[in-house]
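So the chains spell out like this:
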Amino acid sequence: MNERYEPQTIEARWQKRWEEAGVFKAGRRPQAEPRYVLEMFPYPSGAMHMGHARVYTIGDALARFLRMRGHDVLHPIGYDALGLPAENAAIKDGRHPAERTAENIVSFRADMKRLGFSFDWEREIATCDPSYYRWNQWFFLKMLEKGIVYRRQGKANWCTGCMTVIANEQVVDDTCERCNSKVVEKVIPEWAFRITAYADRLLEGLDGLTTWPERITTMQRNWIGKSIGAEVDFALQGGSEKIKVFTTRVDTIHGCTYVVLAPEHPLTAAVTRPAQRAEVEAFVARMKKTEAAERTGEGAPKEGVFTGAHAVNPFTGEAVPVWIANFVLAEYGTGAVMSVPAHDQRDFEFARKYRLPIRTVIQPAGGGRTPPGDQLEAATTEDGVTEGSGPFSGLPSAQARERMSAHAAAGGFGGATVRWHLRDWGFSRQRYWGTPIPIVYCDDHGAVPVPYDQLPVKLPPQAIITGTGEPPLAKVPEFVNTACPTCGKPARRETETMDTFVDSSWYYARYLSPKDETRPFDPALARRWLPVDVYVGGPEHAVMHLLYFRFWHRVMHELGLTAEPEPCQRLVTQGIVNGPDGRKMSKRWNNVVAPGYMVDKFGADTVRLFMLFAAPPEKDIDWSDEQVDGLFRFLTRVWRLFHARQASFAAREGALAQASGPFPELRRRTHRTIKKVTEGMQDDLKFNTGIAALMELMNELQGLEPRDEGGHAAVREALLAMATLLAPFAPHCAEELWHEVMGPAGRDRLVAEEPWPSFDAALTVADTVTVAVQVNGKLRGEVQVPAAAAEAEVRAAAEADEKVQGYLSGKALKKVVYVK
RNA sequence: GGCCCUCUGGCGAAACGGUAAACGCGCUCGACUCAAAAUCGAGUGGGGCAACCCCCCGUCCCGGUUCGAGUCCGGGGAGGGCCACCA
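Within each chain, residues carry numbers counting from 1 in the order of the written sequence. As a convention, the first chain written is A and the first ligand written is 1, with the rest following in written order. The predicted origin of the model limits local features to residues at a pLDDT of at least 70 and limits the giving and counting of side-chain atom pairs to 80 or more, whereas totals for whole chains, interfaces and linings rest on all residues. Side-chain descriptors were evaluated using all non-hydrogen atoms of the structure, hydrogens and water having been removed beforehand.

1. Quick word on the sheet that holds strand E2 (residues 72–74)
Which entries qualify depends on this criterion: Whether two strands pair comes down to DSSP finding at least two bridges between them. Secondary structure is summarised from DSSP: a helix means a run of H or I of at least four residues, a strand means a run of E of at least two, and numbering begins at the N terminus for each. Helix axes use the C-alpha atoms of the stretch in contact, all axes being lines fitted to C-alpha atoms, and the angles between their N-to-C directions lie in the range 0 to 180 degrees.
The sheet built from four strands is open, its strands ordered E2-E1-E26-E27 with parallel pairing. The open sheet has two edge strands with one neighbour each: E2 and strand E27 (568–573). Recorded for the sheet is a direction-independent mean angle of 20° between the axes of neighbouring strands. Where strand E1 (residues 34–39) meets strand E26 (residues 532–537), three bridges bridge the pair, whose relative direction is parallel. Looking at E26, one finds that leucine 38 is bridged to tyrosine 535.

2. Some remarks on the pairing of strand E14 (residues 319–325)
Put simply, the test is: Burial classes follow relative accessibility: with a 1.4 Å probe on protein chains only, a residue under 20% of its type's maximum area counts as buried, one over 50% as exposed, and anything between as partly exposed.
Most of E14 sits out of view: six of its seven residues are buried. Across three bridges, the pairing between strand E12 (residues 258–261) and E14 is parallel. Paired with leucine 261 across the strands is isoleucine 324, a residue of E14. Relative to E14, strand E13 (residues 304–312) runs antiparallel, the two being bridged by six bridges.

3. Structural notes on the confidence of the model for chain A
Defined as follows: pLDDT runs from 0 to 100 and stands for how confident the predictor is about each residue. Contacts were defined at the residue level, with two residues in contact if any of their heavy atoms lie within 4.5 Å.
Overall, the prediction assigns chain A a mean pLDDT of 88, with 89% of residues at 70 or greater. Under a pLDDT of 50 for its full length, residues 810–814 has, in the predicted model, zero contacts with residues more than four places off or in other chains.

4. Observations regarding empty space enclosed by the protein
Operational definition: Residues are called lining when one of their atoms sits within 4 Å of a cavity or pocket point, these points coming from a 1 Å grid over the protein atoms alone, where a cavity is a set in which a 1.4 Å probe fits but cannot get out and a pocket is an open set with protein on both sides within 12 Å along at least five of seven lines. Grid points are joined across faces, edges and corners, and a volume is the space filled by probe spheres set on the points. Ten residue types, Ala, Val, Leu, Ile, Met, Phe, Trp, Tyr, Cys and Pro, are classed as nonpolar, four, Asp, Glu, Lys and Arg, as charged, and the remainder, Gly among them, as polar.
Under the defined criterion, the tally for this structure stands at three cavities of 30 Å³ or more. Approximately 50 Å³ is the volume attributed to the largest cavity. In this structure, the second largest cavity encloses a volume near 40 Å³. In terms of lining residues, the second largest cavity is bounded by Trp18, Arg64, Met68, Ala727, Pro731, Glu735, Val751 and Ala752. Looking at the lining of the second largest cavity, its residues break down into six nonpolar, no polar and two charged.

5. A word on the side chain of arginine 668
The condition that has to hold: By the criterion applied in these results, polar contacts are pairs of N or O atoms within 3.5 Å in which, for protein atoms, one can donate a hydrogen and the other can accept it, and in which residues neighboring in sequence qualify only through two side-chain atoms.
Along the chain, arginine 668 turns up in helix H21 (residues 663–682). For arginine 668, a relative accessible area of 10% gives the class buried. There is a polar contact of 2.5 Å between the side chain of arginine 668 and the side chain of glutamate 665.

6. Re the environment of leucine 719
Looking at where leucine 719 falls in the secondary structure, it is placed in helix H23 (residues 709–726). For leucine 719 and tyrosine 507, which are 212 residues apart along the polypeptide, the C-alpha to C-alpha distance reads 41 Å. Leucine 719 has contacts with Leu641, Phe642, Arg645, Phe649, Leu701 and Val741, leaving out every residue within four places of it along the chain.

7. Quick look at the packing of H21 against helix H22 (residues 687–702)
Applicable threshold: An angle counts as roughly parallel when it lies under 35 degrees, as roughly antiparallel when it exceeds 145, as roughly perpendicular when it falls between 65 and 115, and as oblique in every other case. The handedness criterion is simple: a crossing whose near helix is rotated anticlockwise from the far helix by less than a right angle is left-handed, and one whose near helix is rotated clockwise is right-handed.
Viewed as axis vectors pointing N to C, H21 and H22 meet at an angle of 165°, and their least axial separation amounts to 8 Å. Taken together, the axis directions place H21 and H22 in an arrangement best described as roughly antiparallel. Here the hand of the crossing between H21 and H22 comes out left-handed. Note on element contacts: H22 touches H21 through Phe687, Thr689, Gly690, Ala693, Leu694, Glu696, Leu697, Glu700 and Leu701, opposite Glu665, Leu666, Arg669, Thr670, Thr673, Lys676, Val677 and Met681. Classifying every residue of the contact of H21 with H22 by side-chain character gives eight nonpolar, four polar and five charged.

8. Digging into the nonpolar core
Applied cut-off: What we call a nonpolar core is a set of buried Ala, Val, Leu, Ile, Met, Phe, Trp, Tyr and Cys residues that are connected through their side-chain atoms within 4.5 Å.
Met112 and Phe729 are the most contacted members of the largest nonpolar core, which has 100 residues in total. Setting aside residues no more than four positions away along its own chain, methionine 112 makes contact with Met48, Tyr56, Ile77, Tyr79, Phe117, Phe119 and Trp121. Core analysis: the second largest hydrophobic core is formed by 78 residues, Leu202, Ile437, Met556 and Leu571 among them.

9. Digging into the environment of valine 55
The topology assignment puts valine 55 in helix H2 (residues 50–68). Taking the C-alpha atoms as reference, valine 55 lies 28 Å from phenylalanine 427; in sequence the two are 372 residues apart. Sequence-distant contacts of valine 55, defined by excluding residues within four places in its chain, comprise Glu39, Val536, Gly537 and Gln574.

10. What about the sheet that holds strand E23 (residues 481–483)?
An order of E22-E21-E24-E23 is seen for the four strands of this open sheet, with the pairing classed as antiparallel. The open sheet has two edge strands, strand E22 (446–449) and E23, and neither has a second partner. With strand direction ignored, the average angle separating the axes of adjacent strands in the sheet is 45°. With three bridges joining them, E23 and strand E24 (residues 490–493) adopt antiparallel strand pairing.

11. So, the packing of aromatic side chains
Given two aromatic rings, their pairing is described by the distance between the two centres and the angle made by the two planes. Quick note on the threshold: A pair of Phe, Tyr and Trp rings is counted when the ring centres sit within 6.5 Å of each other, with Trp represented by its six-membered ring. The angle between the planes then sorts it: under 30 degrees is stacked, over 60 is edge-to-face, the rest tilted.
Here the structure, examined in full by the defined rule, presents 43 aromatic pairs. Centroid distance tyrosine 5 to tryptophan 639: 5.3 Å. Interplanar angle 45°. Geometry classified as tilted. With tyrosine 5 in the segment before helix H1 (7–21) and tryptophan 639 in helix H20 (residues 625–644), this residue pair connects regions lying 634 residues apart in the sequence. The same class applies to tyrosine 5 and to tryptophan 639, which are both buried.

12. Observations regarding H20
What counts is decided by this rule: Here the expected length of a helix is defined as 1.5 Å per residue gap, with one fewer gap than residues.
Helix length check: H20, at 20 residues, gives a terminal C-alpha distance of 28 Å against a target of 28 Å (1.5 Å per residue), a fit within 8%. For H20, the full list of buried residues reads Val628, Leu631, Phe634, Leu635, Thr636, Val638, Trp639, Leu641 and Phe642. Here the buried face of H20 lies against H1, helix H18 (595–602), helix H19 (604–613), H22, H23 and helix H24 (731–742).

13. Structural notes on unusual backbone geometry
Note the cis peptide between leucine 455 and proline 456, where omega equals 0°. Topologically, proline 456 is positioned in the loop between E22 and helix H13 (477–480). Cis geometry marks the peptide bond from leucine 530 to proline 531, where omega comes out at -5°. Locating proline 531 in the fold gives a position in the loop between helix H16 (523–529) and E26. Although it is not a glycine, arginine 355 sits at a positive phi angle of roughly 55°. On the basis of relative accessibility, which here comes to 76%, the residue arginine 355 falls in the exposed class. One non-glycine residue, asparagine 590, lies in positive phi territory at about 55°.

14. Considerations on the pairing of strand E10 (residues 226–236)
Judged by how many residues are buried, E10 sits mostly within the fold: eight of 11 residues are covered. Both E10 and E13 contribute to a ladder of two bridges, which runs antiparallel. Among the inter-strand pairings, leucine 236 is bridged to a residue of E13, identified as alanine 311.

15. Brief notes about helix H6 (residues 199–208)
For clarity, the cut-off: Taking the helix axis as origin, the arc is that swept by the directions to the C-beta atoms.
When we look at burial in H6, the residues that qualify are Ala199, Leu202, Leu203, Gly205 and Leu206. Summarising the axial view, the buried residues of H6 lie within an arc of 160°, below the 170-degree limit, and thus occupy one face. Facing away from the buried surface of H6 by more than 90 degrees, the exposed residues are Glu204, Asp207 and Gly208. In this structure, the buried side of H6 is in contact with helix H7 (214–224), E10, strand E18 (414–420) and helix H17 (545–558).

16. Considering the packing of H20 against H24
Running from N to C, H20 and H24 cross one another at 10°; their axes reach a closest spacing of 10 Å. By the angle between their directions, the pair H20 and H24 is classed as roughly parallel. Contact residues: H20 offers Leu635, Val638, Trp639 and Phe642, while H24 offers Cys733, Glu736, Leu737 and Val741.

17. A word on the environment of lysine 288
Residue placement: lysine 288 occurs in helix H9 (residues 274–289). Classification of lysine 288 as exposed rests on a relative accessible area of 67%. The sequence separation of lysine 288 and valine 184 amounts to 104 residues, and the corresponding C-alpha distance is 9.5 Å.

Have a look at this one:
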């Protein structure tokens, strides 16, 4: 062994050995319990950054640990390679996205290999590969058959400069991030997934995800947004139409003094009276031109116009005016609201502005009075007790809601209902770099699905990117012109592509049989490996990817492809790696630290240790050159320690019992370290405290020089433990050290495959312990007692302690003895 | 506005309701060196004290539960995240 720790000279060698030995291949231990460890696959735009280094280090440490624990571990990797960022980068530098993406993948793969991640590289996938996206198309067809995919009119962000639809992420303050032109909303036909049909199941499923971070499940709950309320029909006075409103506060309906429609509401034109027509039309036209955020954002002033119409409140028989206002959203609820200004702040502000009546119908349940509407300063929005509500007066809000909903149902003018915040997922993109949607438009047969045996519909290599607003694929005649699958006559292909989130919704299943040409994946393997045991990724995916992922898995479950309805048991959301200055790493701040550069400088093991030691996985961390130096120093010390203790390498196991002097204490430290590291891995992925324990063991070993065989044996035990415990974190260094201690006996073995060490529980407790003594809750002294001492004995020792006695003038009331 | 998270030395952080600050960084002092770097050793929350004996104070603030609270409960503050005129 080289006397100096030079990671650059050893790391590539071990990486090669692992690969040759195939130790990271999944499925090698059919008898063992399987574990699927997954990290969110990277979007290979540009080079790998520190955030990637962190996710994969976390997952890798866990995968390596589980392998050493005897599990059959699936730990795959791939690339989320289709999508807008790649296409935009391509537009910017005039290169084909495929070419650029391929290069980026090469660079990512190299960086990941250099960090020593234990991926099963034979399962590598890239979503831009037709052998992958053909299954997106396959799922599309299946979901079309089941009615989960449908065509609708949808709203899109239309950039007036680029003349194309762009993604939400690209819209910054109503302007296009690329050309700074105005972005407007445009209604165009699009394909959508009926994810709303799964809203209830996606919501209920969250209850079972007990090991997901609560903030993630909470965000999903809010996003799905179940709200229980009632629908009530307000009949138009002097007409046959009915305005259906949705409310969560039907208990306040007797306080309704007007009704408001969204500008886009289908009844808007029909209800407007001739006298108001000009004003209403002008208002609607203006709203149409205004960007959604500006119109309905919180800062936007409430604006509306009167239609001249009146509608009848079915509970009171009273006719109330019908208005149109900017803040009512056509797509939520029924696109119409009943306004109760006394008990809804938004309605209150609107009523004030337009001098509409305000009527109090709820009184606080706990006493006190709400003043009459004309004296209110603000709406009172809490539940209370109804008043002035006819037969429903005097009821608590909750009860009033129930009875009034029932009353509406009985009268045939409404009833209890549930509304969701979740919208269907529009996945059409007028873009090139995505999965082509397998549909052919025929003059005679309309939209015809491409037959399964004609998949994949391949993306044509000719990328003609944008300009006119038509999808780029529309400009490739070889692609567009085809024959109708039904009648064979000339027909045109769908030229839209799928949202990238489709690719990432099921990739984890493709890893099971990545080369399968007959189906997306093998259901038999899914039964063995799914659901994913641990999924590591950033919390920014809480409501997009992680919801689509759950939705897609349910669909696959219904298709009989998976046994369980949920895709993933446990989710770990890792924090951000910030720059050394504590700000987000960015070119703007000139604080970007490249993983590759750091690996060159310190070696992969030091970078990995930094990622794991800086803080628990879910916390944000700041890159710190000083901390990195410290971790490199740690590995150097460990290295030198092994070098200095070579004399102990040959010690016999059997000599352990003779360990005397400070060596029984060393053995205790060794076993406590094993315990600490093991528990840290199993419980909360507390890598940082595990590594700290290894540092303590090293500190202790540094001060010990064995003189007899028992001492040498104890040192050898500690060194072997250290090498194996270090293996998930700093695997290259661990291999090297382990082989040194083992000598010829370990020549053909790899620590990556060694069994994880076990600890002797009896050795983790000391013979004598220090017990802190508290009097009246204050620390007043400490006593040394045998670890096996009985309570009475400890108590006697404590009471005998002179310091403690000084505080015991009376008698102790209670004593609680604790063992350290 | 709603929902959620966080708050502990100079810094990153530890701590089944039981000696707060393990471990690392930084800093100070010492050893080695002509010197420096590297390395090794010692110290390092604040205050009192001649004293590294000991005492007091210390986990954002206020209150509570408890023999005992960084940890549990209630209220408040600051910082951060997500959603947001969602009826």
